[in-house]
Amino acid sequence: MMKAAIFTKYGPADVLEVKDTPTPPFKDNEVLVRIHATTVTPVDCSFRAGDPCIVRLYLGLLRPKKTVLGGELAGIVTTVGKDVTRFSIGDQVFAAPADGTGAHAEFICLPDDGAVVPIPTNMSLQQAATICNGGLTALPFLRDHGKIKRGDRVLIIGASGSIGTVAVQLAKHFGAHVTGVCRAAKHELVTSLGADRVIDYTVRAYTTERDAYDIVFDTVNKSSFAAVKPCLKKNGVYLVTAPSIATLGRMAWSTIFGGKQAIMAATGLRPAKDQAADMRMLKNMFEAGTLRTIIDRTYPLSQIAAAHAYVETAHKTGNVVILVEGQ
Ligand SMILES: NC(=O)c1ccc[n+]([C@@H]2O[C@H](COP(=O)([O-])OP(=O)(O)OC[C@H]3O[C@@H](n4cnc5c(N)ncnc54)[C@H](OP(=O)(O)O)[C@@H]3O)[C@@H](O)[C@H]2O)c1
């Protein structure tokens, strides 16, 4: 048996219960990982609440079919299936489970060819648990969808969040001029991550400049294409992490007619081999000191409902970590 945070109905944070549940059986091509740390993200909160309703198409219409949340983790391989070739018992790994769930538990089974990679040599398990949500979202958005290049002017909305803190660092790494949007209290942090300019959205609109940005990346979905369009350069790209009718309409429009683009992508649903390749790239960047992770708060698994409530304030800084082992 193992402890896990279980939810059997959609609802507020207190639907979560930490209780004993069977340890998952593993297949010949899987490793069993004892989870040391995981995170709570807005995706977990959205899944737990069943809101927006579209998540219920994925998790279950009336009640969740997957009862353990958690989309990223770091831990130690404790058992290997007979067909496993890449890992050995005792390896310290970080991972993104294929279906974006299952990490809020003491153990998880992961396929040998999944999004599972040894942790960076200069990071703790607690730090490594935070790599995937921000890294596997910001990297494909900026590189693959934004086609970011040296000299681009990039606006990052939500620059102090999990995705935003990585996006600022990656955009600088790719040679862009970066403007971060967040409250004044977080300007020092976002500047320390490399932002050239910061805008406090509570005192100044960030969309007033004309033809100013090659890329506007709204990591927290607080803007709209209509509001952002004037500040995009000709052929500029507006990136958002959640779908809306307006964004999807503009995606279709710009595919046919060109011009300023809006792009929403489900980066979490990419093939595991692509994710693993990016995780190795991110690992190298952490080891080289090009990236650092920001941890706001740490909670034991027993207090995961409090972690959900905090993440739902929408004002966390970087990542909220759940310590599973040794709590
Ligand atoms: N497309 C995909 O595949 C994918 C993958 C992962 C996540 N997502 C989506 O990404 C979003 C979450 O991103 P995240 O994990 O980075 O969120 P997060 O860490 O919870 O973001 C928190 C940050 O948002 C900032 N913020 C709040 N209101 C703001 C506003 N009006 N303007 C600018 N910044 C504001 C806060 O800064 P202040 O305190 O300064 O306000 C805070 O630091 C969710 O919608 C999730 O569904 C999508």
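This part takes up the site of the ligand. Lining the immediate environment of the ligand, one finds 29 residues, of which Ser 160, Lys 186, Tyr 201, Ala 265 and Lys 316 sit closest. Take Thr 267: an N or O atom from its main chain is 2.9 Å from an oxygen atom of the ligand. Between the ligand and the protein, one listed contact pairs an oxygen atom with a backbone N or O atom of Gly 268 at 3.3 Å. For the shell around the ligand, the secondary structure elements donating two or more residues are helix 1 (42–49), helix 4 (131–145) and helix 5 (162–173). The greatest single-element share of the shell around the ligand, amounting to three residues, is contributed by helix 4. Split by domain, the shell around the ligand shows at least three residues from each of two domains, domain 1 (2–130 + 295–323) and domain 2 (133–268).

What follows is about helix 4. An α-helix turns once every 3.6 residues. As a result, residues three or four positions apart point the same way. Spanning 15 residues, helix 4 covers 20 Å between terminal C-alpha atoms, matching the ideal 21 Å at 1.5 Å per step. Burial analysis of helix 4 places twelve of its 15 residues in the buried class, which makes it a mostly covered element. Of all the residues in helix 4, the buried ones are Ile 131, Cys 132, Asn 133, Gly 134, Gly 135, Leu 136, Thr 137, Ala 138, Leu 139, Pro 140, Phe 141 and Leu 142. Trailing helix 4 by a residue or two, Lys 147 shows a phi angle of about 50°, which is positive.

This paragraph deals with unusual backbone geometry. With an omega of 5°, the peptide bond between Asp 51 and Pro 52 qualifies as cis. By the secondary structure assignment, Pro 52 is in the loop between helix 1 and helix 2 (54–59). Although it is not a glycine, Asn 221 sits at a positive phi angle of roughly 60°. Take Asn 221: it is sitting in the loop between strand 11 (213–218) and helix 7 (225–228).

Quick look at the nonpolar core now. Within the largest apolar cluster, 50 residues are counted, with the highest numbers of intra-cluster contacts made by Phe 94, Leu 142, Ile 156, Leu 170 and Phe 217. Those elements that place two or more of their residues in this core are helix 3 (125–128), helix 4, strand 8 (153–157), helix 5, helix 6 (187–192), strand 11, strand 12 (232–240) and helix 9 (272–288). With seven residues, helix 4 is the single largest residue contributor to this core. Both domain 1 (2–130 + 295–323) and domain 2 (133–268) contribute no fewer than three residues apiece to this core. With residues near it in sequence (within four places) discarded, Phe 217 still touches Ala 138, Phe 141, Leu 142, Leu 155, Ile 156, Ile 157, Ile 163, Ala 167, Leu 239 and Thr 241. If you look at the next biggest cluster of nonpolar residues, it comprises 33 residues, including Val 31, Val 33, Tyr 310 and Val 320.

A word on the environment of Lys 283. For Lys 283, the location among the structural elements is in helix 9. Taking the C-alpha atoms as reference points, Lys 283 and Gly 318, separated by 35 residues in sequence, lie 18 Å from one another. If we ignore the near neighbours within four places in the chain, the residues touching Lys 283 are Val 117, Pro 118, Ile 119, Pro 120 and Thr 121.

This next bit is on the pattern of salt bridges. Per the counting criterion, the structure on display carries 15 salt bridges. Taking the shortest distance from any N to any O, the salt bridge between Lys 233 and Asp 214 comes out at 3.2 Å. Within this pair, whereas Lys 233 is found in strand 12, its partner Asp 214 is found in strand 11, the two being separated by 19 residues in sequence. A relative accessible area of 27% means that Lys 233 is categorised as partly exposed.

Buried residues of helix 1: Asp 44, Cys 45, Ser 46, Phe 47 and Arg 48, and no others. Residues of helix 1 that are buried make contact with strand 3 (30–40), helix 2 and helix 10 (304–311). Directly beyond the C-terminal end of helix 1, a positive phi value near 65° is found at Gly 50.

Domain annotation of the chain identifies domain 1 (2–130 + 295–323) and domain 2 (133–268). Here domain 1 and domain 2 have C-alpha centroids that lie 27 Å from each other. Between domain 1 and domain 2, the contact holds nine residues from the first and eleven residues from the second. Buried surface at the junction of domain 1 and domain 2, both sides included, amounts to about 750 Å², of which 46% is carbon and sulfur. It is His 315, Thr 317 and Gly 318 that lose the most area in domain 1 upon contact with domain 2, and together they represent 46% of the buried surface on that side. Between the two partners, domain 1 and domain 2, sit zero salt bridges. Inspection of the region where domain 1 meets domain 2 yields seven residue pairs in polar contact (both at pLDDT 80 or more). Residues of the side of domain 1 that touches domain 2, tallied by class, amount to one nonpolar, six polar and two charged.

Before going further, it helps to examine the environment of Ser 162. Examined against the element boundaries, Ser 162 turns out to sit in helix 5. Residues Ser 162 and His 177, spaced 15 residues apart in sequence, show a C-alpha to C-alpha distance of 20 Å. When residues no more than four places from it in sequence are discounted, the contact partners of Ser 162 are Asn 133, Gly 134, Lys 316, Gly 318 and Asn 319. Only 2.8 Å separates the side chain of Ser 162 from the side chain of Asn 133, close enough to count as a polar contact. A polar atom in the side chain of Ser 162 sits 2.9 Å from the side chain of Asn 319.

Rules of the game
- Residues numbered from 1 in each chain as written.
- Predicted model: local features only at pLDDT ≥ 70, side-chain atom pairs only at ≥ 80, totals over all residues.
- Heavy atoms only, no water.
- Near = heavy atom within 4 Å.
- Polar contact = N/O pair within 3.5 Å; in protein donor to acceptor, adjacent residues only side chain to side chain.
- Helix = DSSP H or I, 4+ residues; strand = E, 2+ residues; numbered from the N terminus.
- Domains from an automatic or database assignment.
- Expected span 1.5 Å × (residues − 1).
- Buried < 20%, exposed > 50% of the residue type's maximum accessible area, 1.4 Å probe, protein only.
- Core = buried A, V, L, I, M, F, W, Y, C linked by side-chain atoms within 4.5 Å.
- Contact = heavy atoms within 4.5 Å.
- Salt bridge = Lys/Arg side-chain N within 4 Å of Asp/Glu carboxyl O.
- Buried area = accessible area lost by both parts, 1.4 Å probe.
- Nonpolar A, V, L, I, M, F, W, Y, C, P; charged D, E, K, R; others polar.

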